[in-house]
Amino acid sequence: MGYTRRRVLAGLGLAGLEAAMSPIKKAAASSPFKSWAAVAGSCPFRLAVISDEITQDFERACQIVSADFGLHWIELRSMWDKNVTKLDAKQVEDARKILAKNNLQVTDIASPLFKTDWPGAPRSSQSEARDQFHADFDASGQDRLLKRCISLCKSFNTDRIRCFDYWRLDDQKPYRAAINAKLQQAAERCAKDNIILLLENEMSCNTATGEESATVLKAIPNRNFMLNWDPGNAAALGSTPYPTGYELLPKDRVGHCHCKDVVSKPDHKYDWAPVGAGSVDWVGQLHALQRDGFHYGLSLETHWRGPGTPEASTRVSMDGLKKTLTKAGISC
């Protein structure tokens, strides 16, 4: 499919962009999140940001998440231009000290586990030749990667590992049972260390929508195998994540949620957008998560780069998430 991640400036329109950009004009003088931070203790979710969506400078990312956004949670994917799974012992210890200094806890290890081609299947049209967030693990290295992720959970005091289910195949039916068996095997390995394995629905992988997620969760009944629900990814594939996709999910097996928004374009293409400025019904989705007792990580995954820099874009999108939470009647 001809997906694109080009900037969303045209799709948002000048008026919408001006409204979205306004927090940036004030950011240098004062943070728009300080009053929000005062009520963060009442938040039903572990409100977080994926650190590298702000900057590869991990210390600065943590300072922004803690001091500017007033949050207590952060998601780890890459830092210092290295995937988190490739950090050496000193870098892990440095990261631990930075987290402690900024009073931050880790929601999960956002690993690239199983984000590769399924062995023996035709090469996926979604197969990435380039790095994915400084990760380049092939199919033969997945068991070692899982072992590394379990070790990192202990180092960063978290009980969750994010994974995928291989690059999307044109016809996954001949391989689906074997893919499920691999995921189940990984979940069983994680269970030995009381770790939750989170499958993210990803538009370039074999589970992309709420409908597909529900099918996989039914096929793999392990209680420590849960979903990293990403409505933006489902919407990018043309699905309606809320209410249609979400209604199909077993609510007690949603173990993490990524927040970003999407603007649909002709020919099945899309652009990313700040939370609240795209097609995802985030007000309804957030209200439903609270209603259904979800209390795990709700993590901003900006992706949008409208203002130009990752940090500026994340500030705008976090402000959009804040306003959307307020519209949903949720204090965070």
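Residues numbered from 1 in each chain as written. Predicted model: local features only at pLDDT ≥ 70, side-chain atom pairs only at ≥ 80, totals over all residues. Heavy atoms only, no water.

Q: Which residues make up the overall build of the protein chain, and what are the values?
A: In terms of regular secondary structure, the protein chain is built from twelve helices and twelve strands. A burial count over the protein chain gives 57% of its 332 residues as buried. At a minimum sequence separation of 6, the contacts of the protein chain that also span at least 24 residues come to 79%. (Helix = DSSP H or I, 4+ residues; strand = E, 2+ residues; numbered from the N terminus. Buried < 20%, exposed > 50% of the residue type's maximum accessible area, 1.4 Å probe, protein only. Contact = heavy atoms within 4.5 Å.)

Q: So, the sheet that holds strand β8 (residues 225–229): which residues are in play, and what are the values?
A: Each strand in a sheet pairs with its neighbour through backbone hydrogen bonds, running either in the same direction (parallel) or in the opposite one (antiparallel). Read across the sheet, eight strands follow the order β1-β12-β9-β8-β7-β6-β5-β2 without closing on themselves; strand pairing throughout is parallel. The two strands at the open ends of the sheet, each matched to only one other strand, are β1 (46–49) and β2 (73–76). On average, adjacent strands in this sheet sit at an angle of 25 degrees to one another, irrespective of strand direction. The pairing of strand β6 (residues 160–163) with strand β7 (residues 196–200) spans four bridges and is classified as parallel. In the sheet register, Cys163 faces β7, and the bridge partner there is Leu199. Along the sheet, helix α4 (residues 58–68) contacts β1 and β2; its crossing angle with β2, the most-contacted strand, is approximately 150 degrees. Contacts between helix α7 (residues 173–191) and the sheet are confined to β6, β7 and β8, with β7 contributing the most and set at about 150 degrees to the helix. (Pairing = 2+ DSSP bridges. Axes fitted to C-alpha atoms, helices over the stretch in contact; angles between N-to-C directions.)

Q: Can you explain helix α8 (residues 210–219)? Please cite residues and give values.
A: Listed in full, the buried residues belonging to α8 are Gly210, Ser213, Ala214, Val216 and Leu217. Seen along its axis, α8 keeps its buried residues to an arc of 165 degrees; they face one direction. Residues Thr215 and Lys218 are exposed on α8 and point more than 90 degrees away from its buried face. Residues of α8 that are buried sit in contact with α7, β7, β8 and α10 (241–247). (Arc of directions from axis to C-beta.)

Q: Before we move on, could you go through the packing of α4 against helix α5 (residues 89–101) and cite the residues and values that matter?
A: As a packed pair, α4 and α5 sit with axes 9 Å apart at the nearest point and diverge in direction by 20 degrees. What the angle tells us is that α4 and α5 run roughly parallel. Both α4 and α5 take part in a crossing whose hand is right-handed. Each of Phe58, Glu59 and Cys62 in α4 lies in contact with α5, whose residues at this interface are Ala95, Ile98, Leu99 and Lys101. (Parallel < 35°, antiparallel > 145°, perpendicular 65-115°, else oblique. Left-handed = near helix turned anticlockwise from the far one by under 90°.)

Q: If you had to explain the nonpolar core to someone new, which residues and values would you point to?
A: Grouped together as the largest cluster of nonpolar side chains are 88 residues, with contacts concentrated most on Phe45, Phe156 and Leu286. A total of six residues in this core trace back to one element, the largest contributor, which is helix α6 (residues 142–155). (Core = buried A, V, L, I, M, F, W, Y, C linked by side-chain atoms within 4.5 Å.)

Q: Describe in detail the pairing of strand β11 (residues 269–273), supporting the description with residues and values.
A: Regular strands show a simple pattern: their side chains alternate between the two faces of the sheet. By the criterion of burial, β11 is predominantly enclosed, with four of the five residues buried. Both strand β10 (residues 261–265) and β11 contribute to a ladder of five bridges, which runs antiparallel. Note on β11: the bridge partner recorded for Ser264 is Tyr270. Joining the antiparallel neighbours β10 and β11 is a turn of three residues, in which Asp267 adopts a positive phi near 60 degrees.

Q: Explain the pattern of salt bridges to me, and be specific about the residues and the numbers.
A: What the rule picks out here adds up to 25 salt bridges. Close ionic contact of Lys260 with Asp230 constitutes a salt bridge, the shortest N to O distance being 2.4 Å. Note that Lys260 is positioned in the loop between β9 (254–259) and β10 and Asp230 in the loop between β8 and α9 (231–236), a separation of 30 residues in sequence. We note a salt bridge from Lys260 to Glu301, for which the minimum N-O separation is 2.5 Å. Of this pair, Lys260 sits in the loop between β9 and β10 while Glu301 sits in the loop between β12 (297–300) and α12 (310–327), and the two are 41 residues apart along the sequence. The class of Lys260 is buried, set by a relative accessible area of 1%. Each of Asp52, Glu53, Arg77, Asp230, Lys260, Glu301 and Arg305 takes part in salt bridges that share partners, so that together they form one network. (Salt bridge = Lys/Arg side-chain N within 4 Å of Asp/Glu carboxyl O.)

Q: Break down the side chain of Glu53 for me, with residues and values.
A: Structurally, Glu53 can be placed in the loop between β1 and α4. Residue Glu53 is classed as buried on the basis of its relative accessible area of 1%. Within the local environment of Glu53, its side chain forms a polar contact with the side chain of His303, the two groups lying 2.9 Å apart. Residues contacting Glu53, with those up to four places away along its chain left out, are Arg77, Glu301, Thr302, His303, Arg305, Pro310, Glu311 and Thr314. (Polar contact = N/O pair within 3.5 Å; in protein donor to acceptor, adjacent residues only side chain to side chain.)

Q: If you had to explain the confidence of the model for the protein chain to someone new, which residues and values would you point to?
A: Confidence in the prediction of the protein chain, expressed as mean pLDDT, is 88, and 85% of residues score 70 or more. Counting contacts from residues 1–39, a segment whose pLDDT is below 50, to residues more than four positions away or on other chains yields 69 contacts. (pLDDT = per-residue confidence, 0-100.)

Q: Give me the lowdown on the packing of aromatic side chains, citing residues and values where you can.
A: Counted according to the given criterion, the structure contains seven aromatic pairs. Considering the side-chain rings of Phe58 and Trp80, the 5.8 Å spacing of their centres and the 75 degrees angle between planes classify their relative orientation as edge-to-face. Here Phe58 is found in helix α4, whereas its partner Trp80 is found in the loop between β3 (78–79) and β4 (82–83), with 22 residues between them in sequence. With relative accessibility at 28%, the residue Trp80 sits in the partly exposed group. Taking 5.7 Å as the distance between ring centres and 80 degrees as the angle between the ring planes, the aromatic pair formed by Phe294 and Tyr296 counts as edge-to-face. As far as burial versus exposure is concerned, Phe294 and Tyr296 are alike and both buried. Of the aromatic side chains, those joined through ring pairs into one cluster are Phe45, Phe294 and Tyr296. Positioned above the aromatic ring of Phe164 is the side chain of Lys115, whose terminal nitrogen or guanidinium carbon lies 4.4 Å from the ring centre. Across from the ring centre of Trp272, 5.4 Å away, lies the NZ or CZ of Lys260, which sits over that ring. (Phe/Tyr/Trp six-rings, centres within 6.5 Å; stacked < 30°, edge-to-face > 60°. Lys NZ or Arg CZ within 6 Å of the ring centre and 35° of its normal.)

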